[in-house]
Each structure stands twice: as structure tokens, then as C-alpha cells.
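Summary of structural features
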Amino acid sequence: MDEMHLFFISLLSLFSLILLSKLLIPKNTRNVAPSPPSLPVIGHLHLIGEPFHRVLHQLSSKYGPVMSLRFGSRPVLVVTSPSAVEECFTTNDIVLANRPPLLGFQYVGYDQTAMAVAPYGHLWRDLRRIATLELFSTARLKGYMAIRQDEVRSLVKSLSQDACRDFTRVEMKSRIEGLSFNVITRMVADKRFYGAEVEDVQEAREFKEIMREVIEYCGASNPGDFIPFLRWIDFQGLDLEKKLQKLRVKFDSFSETLIEEHRSKRRGSSSESEAKTYIDALLSLQESGPEHYTDNLIKGNILTLLLTGTDTSSGTIEWAMSVLLNHPEVLKRARAEIDEHIGHERLVEETDFPNLPYMQCIVQETLRLFPIAPMLVPHESSEDCTIGGFNVSRGTMVLVNAWAIHRDPELWDEPLSFKPERFEKMENMGYKYIPFGTGRRNCPAMGLANRVVTSTLASLIQCFEWERVGEEMVELLEGKGISMPKIKPLEAMCKARQGMSHVLKEL
């Protein structure tokens with residue numbers, strides 16, 4: 001009797017799962033893109049692992065460059081061909097201009113009111129415009145150049161003190177992250193939180209802890225985004241939503257202090273020509289539209305800018321230094337270019353970039369092999385559309401595998417090789433090279449990132465000799481996380497160049 005009872009319970013459970021999966025699957029299933037076999041309820045989630053971009057690339061290699069998946073109740077389209085990418089962000093650019101309502105976007109983006117994750121519409125256009133004008137326009141980037149140069153000099157000074165005479169083992173990840181964060185925080189709030197020149201040590205410690213948690217939690221997967229009923233239970237003991245709630249309370253308190261400091265300065269300032277920070281720009285908008293530009297909106301935009309504006313630069317610099325250590329001939333050629341055009345009497349400056357074409361090729365090749373957002377930021381279709389000849393239903397999450405496109409042997413000669421010279425004669429790369437995304441929601445900070453990365457790399461190469469820690473090659477495998485961090489933080493042997501000793505002493 002007990003066995004018969006268990007049999008009927010199992011049969012009923014199976015029937016319920018199948019029925020539920022039928023209800024969750026979109027009804028518009030005609031002429032959909034090829035798809036692997038799926039399971040009831042969870043769809044294809046059982047196929048997904050880390051690194052995410054590699055797993056999807058393997059599936060796309062079997063099922064095609066336009067592939068449909070289902071993550072629980074959410075339809076997903078994975079795109080891995082330039083022609084399909086072009087169709088996504090030309091013909092369907094407005095249709096795919098939204099972001100999916102993921103849990104991390106809701107908390108870190110303050111209910112998706114931050115520019116990076118806000119739905120396409122009036123608010124997003126205003127935020128994009130103000131970010132472009134106040135942070136990323138050519139005029140603003142030129143105005144903030146002194147900040148970037150100051151932070152690069154600070155990094156060079158720190159390294160020269162540690163490795164002034166002999167080769168010294170140095171940990172690079174935290175140093176590079178500190179530079180990237182300081183560049184952004186000085187543009188956003190006119191404050192430094194890393195290095196020896198920090199004014200408020202306790203405030204800096206609090207900031208670092210918050211950003212550590214932001215990076216950790218934003219890189220965590222959340223099954224509840226795709227299987228709604230899992231949000232009601234602590235699936236796998238992750239309790240991600242509670243962690244994000246606590247994190248938001250922490251950042252609320254921290255950012256309120258920053259906002260109030262700038263609000264007080266604005267009240268007491270009579271100078272209209274005073275240089276504005278990003279917080280000042282948002283507070284100015286708040287004065288003219290308080291019902292739209294709330295403090296929460298300002299907080300969300302600060303947080304997402306800190307997250308997206310630092311990972312891009314610091315991660316690219318770390319990958320570039322890692323791959324250069326494995327290719328000393330490329331490092332030697334880059335140093336020769338710098339020595340020829342800049343010499344040993346001063347540090348590289350951003351105005352020197354036109355004379356350093358090979359250095360810029362190194363940055364481009366690094367971004368090809370190691371795009372910091374390998375799957376770009378997810379898009380969501382706001383209505384039914386067609387991509388690659390296949391029907392795509394409204395509410396589908398569209399993922400573009402830039403990492404796979406950048407390594408496609410049909411698009412690139414020796415795609416797995418590090419060859420900066422491939423970019424020397426390359427002009428229009430179209431949609432086969434998209435490290436900063438494309439379309440109306442591409443990354444607005446690409447100009448800033450290129451300046452920070454090129455300036456930092458050129459200065460490190462100009463001022464120091466670099467070697468690997470041992471004979472073995474530097475590990476070039478990716479770790480877990482949406483920004484494709486190195487699985488092992490970079491360590492290297494560093495020694496100040498004798499010909500630059502007088503310049504380093506002046507620092």
C-alpha cells in the first residue's frame with residue numbers, strides 16, 4: 001500500500017511539473033531558433049555552468065549562431081554571429097533597448113532607475129545625456145585628464161618605491177583596482193578611497209567593503225530570476241536577496257553622506273564656473289525635477305557607475321599585463337616605440353597617444369581576447385521580432401556572446417593568438433569586434449576606459465622592467481564573475497628602469 005501510495009505521489013508530481021512547464025513556455029514557438037533538449041520547469045538551466053560564455057559557446061557550436069534556450073520560465077536567445085548582432089542593433093535596436101528585470105539590477109540599480117539598467121525611455125535618455133555631457137564627452141574627458149595622470153603617477157610612484165633597484169615581486173590586481181576606483185570616485189565625488197593619500201581612512205575602509213560585496217553579489221547567479229517560486233525559499237542556501245537588501249542599506253548610508261556633502265557645498269558656493277562632479281550634475285537635475293531625480297535615483301547611478309566604470313579599466317590592464325609577460329617580444333616592441341617617441345625625460349601623457357599606435361593595438365587585441373563583459377549586458381525584447389530568420393517572442397532575454405565572436409576562426413586569423421599587429425591596418429571591423437557593446441545602449445565610457453588603460457600600460461612599460469615570477473607562463477584562465485576576472489590575481493617581478501631613475505625620483 002505504501003509503495004502504491006508513493007507511486008501515485010511520484011506520478012502526480014511528474015504530471016504537475018510537466019503541466020507547469022507547459023504553462024511557463026511561451027506560446028509563440030513556431031519557427032524558433034534551434035535549441036538543446038530541455039527539462040520540465042528548469043528548461044536549460046541544468047546545462048549552464050562557469051565560465052558562462054564558454055558554456056554558451058560550446059552549445060552554440062552545436063546548435064548554431066542564433067540559439068534559443070529557456071532559463072526556467074524565461075525565454076533566452078544567444079547570438080554569436082556578427083550578422084545577427086547587426087540585425088539585433090540596427091533593425092531591432094529599439095525593440096532590444098530594454099534590460100531584463102533581474103534581481104541584481106533591481107537592487108544595485110535601485111529598482112532599475114540607474115542608467116545602465118533603466119528601461120528604455122525618457123528617464124534613460126536623460127541619464128544617458130547627462131552622463132555623456134558631465135563625464136564622457138570629449139570636453140569633459142579633457143577636463144578630467146589631470147585626475148587620470150595624477151592617479152597613474154601615484155601608481156608609478158608606489159611601484160618605484162617597492163622596486164627601485166632590484167627585481168621585486170609585486171601584486172598588481174589591488175594596485176590597478178585602486179587606480180581605476182580613484183579615477184571614477186574623483187570624477188563622481190571628488191574623493192580618493194585608495195592609496196596613501198586617502199584623507200578619511202574609515203570612510204575609505206567602508207567604501208572598499210561595500211564595493212567588495214557589490215562585485216561579489218553582482219557576479220552571483222540567482223535561480224529565482226528564472227524560476228519565480230525559488231525566490232520564496234533559500235535555494236542552495238544562497239539567500240542572495242537578503243544579502244542584496246543589506247548591501248543596499250549599507251550603500252544608502254554611505255551615499256547619503258556623499259550627497260549631503262555636495263548639497264551643502266552647492267548651497268554655500270557662489271561660483272557658477274566651478275567644475276562639477278557627477279553628483280553635482282545630478283543634484284542640479286534634482287533641483288529642476290525633484291519628483292523624477294530623487295536621492296535614490298542618484299544613489300543607483302553612483303553605484304552602477306562605480307561598478308561598471310572600474311571593472312572595465314582595471315580588468316583590461318590586468319589581462320594586458322598578464323599577456324605581455326607571456327609575450328616579451330611584444331613588450332619589447334612597445335617599449336621601443338615609447339622610448340623612440342617619448343624618451344626618458346618625462347612620463348607618457350595622453351597627448352602622446354597618436355605617436356603610440358602599437359600601444360593602442362595592444363589594448364585593442366587585449367579587449368578582443370579578454371572582453372571584460374564577455375556576454376555584454378543582457379537585453380530584453382519589448383515586442384515580438386525576427387532575428388536571423390527566427391521568431392523571437394516579447395520578453396525574451398537576448399545575450400550576445402562577444403567572447404565567442406572575438407575568437408571565431410572564420411572572422412579572425414589565428415584567433416587564439418595574441419597578435420596586436422592585426423589591428424595596424426584594420427579600419428572598419430563592423431560587428432565582429434564589440435568589446436563595449438553596440439547600438440544605442442553601448443557603453444558610454446569607452447573613451448574613458450581607453451584613456452585609462454592606454455596611459456597606465458604605457459607608463460608601466462616606460463618606467464619598469466617586467467618579468468614573470470617563475471619560468472612558467474602566467475595563467476590566462478577566467479574565474480567566476482560577470483566581468484571575467486582572472487582566476488589568479490596577477491603577480492609579477494618588477495624593477496625600475498635605470499634610464500627613468502631621475503624621473504621616478506621627482507615623483
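Residues numbered from 1 in each chain as written. Predicted model: local features only at pLDDT ≥ 70, side-chain atom pairs only at ≥ 80, totals over all residues. Heavy atoms only, no water.

Per an unreviewed UniProt entry, the chain goes by Cytochrome P450 and derives from Centaurea solstitialis. As stated in UniProt under Cofactor (unreviewed entry), the record for the chain gives "heme". (UniProt positions renumbered as here; feature names shortened; annotations may be inferred.)

Taken in spatial order, the 4 strands line up as β1-β2-β7-β4 in an open sheet, and their pairing is mixed. The sheet is open, and its two edges are formed by β1 (66–71) and β4 (379–380), each paired on a single side. Relative to strand β2 (residues 74–79), β1 runs antiparallel, the two sharing 6 bridges. Among the inter-strand pairings, Arg70 is bridged to a residue of β2, identified as Pro75. (Pairing = 2+ DSSP bridges. Helix = DSSP H or I, 4+ residues; strand = E, 2+ residues; numbered from the N terminus.)

This next bit is on empty space enclosed by the protein. This structure, assessed with the given rule, holds 3 cavities of 30 Å³ or more. Taken as a whole, the largest cavity holds about 50 Å³ of empty space. In terms of lining residues, the largest cavity is bounded by Gln149, Val152, Arg153, Leu347, Val348, Glu349, Ser455 and Ser459. When grouped by side-chain class, the residues that make up the lining of the largest cavity number 3 nonpolar, 3 polar and 2 charged. In this structure, the second largest cavity encloses a volume near 40 Å³. Where the lining of the second largest cavity is concerned, the elements lending two or more residues are α4 (103–108) and α10 (240–268). When residues of the lining of the second largest cavity are assigned to their parent elements, the largest contribution, 4 residues, is made by α10. Of the residues assigned to the lining of the second largest cavity, the class counts are 7 nonpolar, no polar and 1 charged. (1 Å grid on protein atoms, 1.4 Å probe; cavity = no way out; pocket = protein on both sides within 12 Å on 5 of 7 lines; lining within 4 Å. Points joined across faces, edges and corners; volume = space filled by probe spheres on them. Nonpolar A, V, L, I, M, F, W, Y, C, P; charged D, E, K, R; others polar.)

The next thing to look at is the packing of aromatic side chains. Summed over the entire model, instances satisfying the criterion amount to 14 aromatic pairs. Between Tyr194 and Phe207, the ring centres sit 6.3 Å apart and the planes meet at 85°, which makes this aromatic pair edge-to-face. Of the two residues, Tyr194 sits in the loop between α8 (173–189) and α9 (201–218) while Phe207 sits in helix α9, which places them 13 residues apart along the sequence. Look at Phe207 and you get buried, because its relative accessible area is 1%. Look at Trp319 and Phe370: their rings are 4.3 Å apart centre to centre, the planes differ by 5°, and that puts the pair in the stacked class. (Phe/Tyr/Trp six-rings, centres within 6.5 Å; stacked < 30°, edge-to-face > 60°. Buried < 20%, exposed > 50% of the residue type's maximum accessible area, 1.4 Å probe, protein only.)

By size, the foremost hydrophobic cluster in this structure holds 114 residues, and its most contacted members are Phe464 and Trp466. When residues in this core are grouped by element, the largest group, 14 residues, is from helix α12 (residues 295–325). Once residues lying within four places of it in the same chain are set aside, the contact partners of Phe464 are Val156, Leu159, Ser160, Arg335, Cys494, Lys495, Ala496 and Arg497. If you look at the next biggest cluster of nonpolar residues, it comprises 19 residues, including Ala33, Val398, Ala402 and Ile434. (Core = buried A, V, L, I, M, F, W, Y, C linked by side-chain atoms within 4.5 Å. Contact = heavy atoms within 4.5 Å.)

We now examine helix α2 (residues 52–63). For an α-helix the count is 3.6 residues per turn, leaving residues at separations of three or four pointing the same way. Taking 1.5 Å of rise per residue, 12 residues should cover 16 Å, and α2 covers 16 Å from first to last C-alpha, within 8% of that figure. Within the sequence span of α2, burial applies to His53, Val55, Leu56, Leu59 and Ser60. Buried residues of α2 fall within an arc of 160° about the axis and therefore sit on the same side. Seen from the open side of α2, the exposed residues pointing more than 90 degrees away from its buried face are Gln58, Ser61 and Lys62. Looking at the buried positions of α2, the neighbouring elements they touch are β1, β2, β7 (397–400) and α15 (402–406). Downstream of α2 by a residue or two, Gly64 has a phi angle that is positive, lying close to 115°. (Expected span 1.5 Å × (residues − 1). Arc of directions from axis to C-beta.)

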